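Residue-level structure breakdown
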Amino acid sequence: MKIIKNLLRKTRSKILLLPFIERPLPKNPFKGIKSFKENVYLKLNDEALIKNDNKKINAFEKENGYLVDPIWFKKLSLQTQTCIKDSPLNFNHGRILYSLLSRYIVKNNSSHILIFETGTARGFSAICMAKAIIDRNANGLITTIDSLPHNEKINWNSISDSKGKKSREELLSEWEEELSRIIFIQGWTDNIIDRLGIKRINFAFLDAQHDKDSVMKEFKFVSDRQIKGDIVVFDDVTKGIFNEVCE
C-alpha cells in the first residue's frame, strides 16, 4: 500500500498516468448514422467508381503493371467502403495498394511476405492486399490493428446494415480466401504495437490515429523492421485536413 501511495504522489494522478489503465474501446462507433435502402448504396458506389477513375490512378497502375479485377473490386467497395459521410467517397487507396504490393512481390521474388496495417476499419484495404498476395501466388500474412472488434456484431454504416448487425468477420464472409491471409487484432495501435512479436515487415499501410506522435510511433515500429527496398504507405497525407500526418 505504501508503494502505491508513493507512486500516486509522484505521478500526481490516480488514473491517467498509470500504465495498466487503458482507454476504453468504442462500442458503437457508427451510432446515429441513418441506414438507407440498398439502392441508395448501389447508386453511391456507382457514382464513386466513376469519379475515382482518373488519369493519375490509371497511370499509376499502368506503371506498376498490375490492375485489380474491376468486378471483384466493385463488389468489395460496395460492401466495405460505400457509406454515408460528408466527404466524397474514394476507394483509390485499394487500387494503389493492390498494384504496388503486386509489383513488390514480383520484383523481389518474395516467397513469403509479411504485411503490417494500422486502421483496419471494415477491412477494405486488408482484403485488397490479401488479393494481391493470392493473385501473385505468394505466401503472405497480414497483421492488421483497429479499435473496432472483429467478432462482435455492430452496425457498420454500410449496405450490410439493412440486414441487421454483423461482425466484421460476417461482413467479409464472401472473401473467405482473402480472410485466411489476415490476422485481425483489436486495440489502440499505440498500446498494442509494443506487445507484438513481429520481427520483419516487408510492406506496411498506416491509417490509424492521425496525430503526429502516433504516426511517428507506428513509422518507427515499421522502419525498425524493414530493409532497403521495403515499402511503407501512409494514408490521408492531406494538407489542411490531416496536417499532423503531413508533418
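Relevant structure appears above.
These notes cover the structure that comes with them. Just so you know, these numbers come straight off a predicted model, no measurement behind them.

**Section: the packing of aromatic side chains**
As enumerated under the stated definition, the model contains 4 aromatic pairs in all. An angle of 50 degrees between the planes, with centres 5.2 Å apart, marks the rings of phenylalanine 116 and phenylalanine 221 as tilted. Of this pair, phenylalanine 116 sits in strand β1 (residues 112–118) while phenylalanine 221 is found in helix α10 (residues 212–223), placing the two residues 105 residues apart along the sequence. Relative accessible area serves as the criterion here: at 0%, phenylalanine 116 is assigned to the buried category.

**Re the environment of threonine 143**
Mapping threonine 143 onto the fold places it in strand β2 (residues 139–146). Classification of threonine 143 by relative accessible area gives buried; the value is 12%. Discounting residues that sit within four places of it in the chain, threonine 143 has contacts with Ile115, Phe116, Glu117, Ile183, Ile185 and Ile198.

**Considerations on α10**
Compared with an ideal rise of 1.5 Å per residue, which puts 12 residues at 16 Å, α10 spans 16 Å between its outermost C-alpha atoms and is within 8% of the ideal. All of the buried residues along α10 are Ser214, Val215, Glu218, Phe221 and Val222. Buried residues of α10, seen end-on, are gathered within an arc of 125 degrees and therefore sit on one face of the element. Among the exposed residues of α10, those pointing more than 90 degrees away from its buried face are Asp213 and Lys220. Its buried side turned inward, α10 meets β1, α9 (189–192), β4 (203–206), β5 (231–234) and α11 (243–246).

Calculation criteria
- Each residue is numbered by its place in its chain's sequence as written, counting from 1.
- With pLDDT at 70 or above as the cut-off, local features in this predicted model cover only qualifying residues; side-chain atom pairs require 80 or more to be listed or tallied, and sums for whole chains, interfaces and linings still use all residues.
- Hydrogens and water molecules were not included; the side-chain quantities draw on all heavy atoms of the structure.
- Working definition: a ring pair exists when centres of Phe, Tyr or Trp rings (six-membered ring for Trp) sit within 6.5 Å. Plane angles under 30 degrees give stacked, over 60 give edge-to-face, the rest tilted.
- A run of H or I in DSSP counts as a helix once it spans at least four residues, and a run of E counts as a strand once it spans at least two, with each numbered from the N terminus.
- Three exposure classes are used, based on accessible area relative to the maximum for each residue type with a 1.4 Å probe and protein chains only: buried under 20%, partly exposed in between, and exposed over 50%.
- Should any heavy atoms of two residues lie within 4.5 Å, those residues are considered in contact.
- Multiplying 1.5 Å by the helix residue count minus one yields the expected span of that helix.
- Along the arc lie the directions from the helix axis toward the C-beta atoms.

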